[in-house]
Amino acid sequence: METLFNPSQETLPRKKLQDLQLKRLKETVQRVYDHVPYYKQQLKALKIQPSDIKTLEDVRKLPLTTKDDLRKNAPFGLLATPLDHCIELHASSGTTGVPVTVCYTPHDLDVWSEVMARCLTMSGLTKHDILQNPIPYGTFTGAFGFHYGAQKVGALVIPSGMGQSERQIKLMEYYGTTFLSGVASYMIRLGQVATEMGLDPKKLKVRNGLFGAEMFTPGLKKRIMDTWDMDVHDIYGLTEMCGPGVSTDCNAHDGLHLWEDHFLLECLDPITLEPVGPEEEGELVITTLTKEGMPLLRYRTRDIAMLYDAATCDCGRTHVRHSIIKGRSDDMLIIRGTNIYPGQIESVLMKHPAVGGNWQMVLSTEDDIDQLTVVVETRELLSQMDCEKLASVLQKAIQAVIVFTPRLEVVAPYAIPETGLKAKRVVDNRRKG
Ligand code: DLL
């Protein structure tokens, strides 16, 4: 049996968990009906009264909420409490420039710390650990989520903040960091920098890590484990729910347990919006069950995954598991009629030891035909001939997965410009229309 942060809640028998969810769902619907004019109007348009919610399945009567709905009501239009009751704000900028803003009451921060503490404990954090948190402390939820959760566990937090990779490595060495948190792709970069500084990452004291915030393929996970000789867990979350802390994989590494006492999960076909069957891919749609500041009904995450049987996992937790996030429905590219997720390309690249820390898919239009160029950094500087050999091997391996032949460009370490926090995997220069 694994160590659990909150054993009674994490192992709640399914029937009790569902009773609790129903009670909280009813409260949430009443709350938004009473306090959020936008939802009152939506519910009235669908002729739904809060008293119509009698079973958990009745969630399907409720309106869906999209990122666009949040933007239209930004920044504070969806609050269910006066702004005075909120004590912290976070936002995700997204691509259109209108930030999605979320405000937290003291209760919301308590719940966030609690779910983060559960995720961190699931990935091996104890009060004896020194956790280094190389994420920017700002409106992005990442740093604060890990910070609050780790303090709740009682670990010592080094709030090392964003970037300055050499400094991060020196801090690890100086303080004897045992646990790392953050954005998955940055761990590859840090490993590369440590090696260049003449340090073997395996010889540092880091033994565990919890990463997420972006596409996180098994290949990338394995690479981080091998580089650092550490155990790696995957954490999922989004600003609209709280930030990181929605779900994490236990030691079975067979899906991420999602905290069902705080979030009600549906997995829907993104086109028909009907529920998909067990172990069928669909979009995760989540209703908050305990949010005071900004409760959301049936939020369409756009994240594609599948649900596993909620029966008790070997770890003892009873909360439902979902697969790793395959990609976002809006990340799926259609290139020459073929549907491609960037994760498919990453899975191929990460198998090859000469491939370095960063890669991109660059799309263009030539003679009215879509062209895909996969640009790949090498781990070390290679000769022209070795670059050509590597390009040819990768080209064939990718072609086997995506059916047509992409162009391959092998470049030196660090040649792809860093774009900030989350890796930018797709550059779409195709002519539109
Ligand atoms: O990325 C929160 C977070 C921070 C999660 C640190 C984990 C670690 P947003 O910036 O709002 O919030 O982005 C949320 O990122 O809808 C997914 O598309 C993607 N995402 C987050 N975690 C994962 C993951 C944070 N483990 C969006 N695997 C989500 C794949 C992830 N994608």
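Conventions we followed
Residues numbered from 1 in each chain as written. Predicted model: local features only at pLDDT ≥ 70, side-chain atom pairs only at ≥ 80, totals over all residues. Heavy atoms only, no water. Buried < 20%, exposed > 50% of the residue type's maximum accessible area, 1.4 Å probe, protein only. Helix = DSSP H or I, 4+ residues; strand = E, 2+ residues; numbered from the N terminus. Pairing = 2+ DSSP bridges. Domains from an automatic or database assignment. Contact = heavy atoms within 4.5 Å. Buried area = accessible area lost by both parts, 1.4 Å probe. Salt bridge = Lys/Arg side-chain N within 4 Å of Asp/Glu carboxyl O. Polar contact = N/O pair within 3.5 Å; in protein donor to acceptor, adjacent residues only side chain to side chain.

Draft legend 1. Representation of the pairing of strand 11 (residues 282–288) within the structure. By the criterion of burial, strand 11 is predominantly enclosed, with 7 of the 7 residues buried. Note: strand 10 (residues 263–268) against strand 11, 6 bridges, orientation antiparallel. Residue pairing in the sheet places E266 in a bridge with V285 of strand 11. One ladder, built from 4 bridges, connects strand 11 with strand 12 (residues 299–305); its direction is antiparallel. Considered in strand 12, the bridge of I286 is made with Y299.

Draft legend 2. Summary view of the sheet that holds strand 8 (residues 243–249). In spatial order, the strands read 4-3-5-6-7-8-9-14-13; together these 9 strands make up an open sheet with mixed pairing. Single-partner strands in this sheet number two, and they are strand 4 (156–158) and strand 13 (307–308).

Draft legend 3. Quick look at the domain arrangement of the protein chain. Taken domain by domain, the protein chain holds domain 1 (1–328) and domain 2 (333–428). Placing a centre on the C-alpha atoms of domain 1 and another on those of domain 2 gives a separation of 29 Å. Counting residues at the interface gives 22 residues for domain 1 and 26 residues for domain 2. Summed over both partners, the interface of domain 1 with domain 2 comes to about 1900 Å²; 55% of that surface belongs to carbon and sulfur atoms. Inspection of the domain 1/domain 2 interface yields 2 salt bridges. Joining domain 1 to domain 2, the criterion identifies 9 residue pairs in polar contact (both at pLDDT 80 or more). Breaking the side of domain 1 that touches domain 2 down by element, the ones donating at least two residues are helix 8 (184–196), helix 9 (218–228) and strand 15 (327–328).

Draft legend 4. The arrangement of the side chain of S92 in detail. The residue S92 is located in strand 1 (residues 88–92) in this model. The class for S92 is buried, based on a relative accessible area of 16%.

Draft legend 5. Focus on the environment of G191. Assignment of secondary structure puts G191 in helix 8. With a relative accessible area of 2%, G191 lands in the buried category. The spacing of G191 and Q151 is 40 residues in sequence and 26 Å in space, taken between C-alpha atoms. If we ignore the near neighbours within four places in the chain, the residues touching G191 are P201, T227 and W228.

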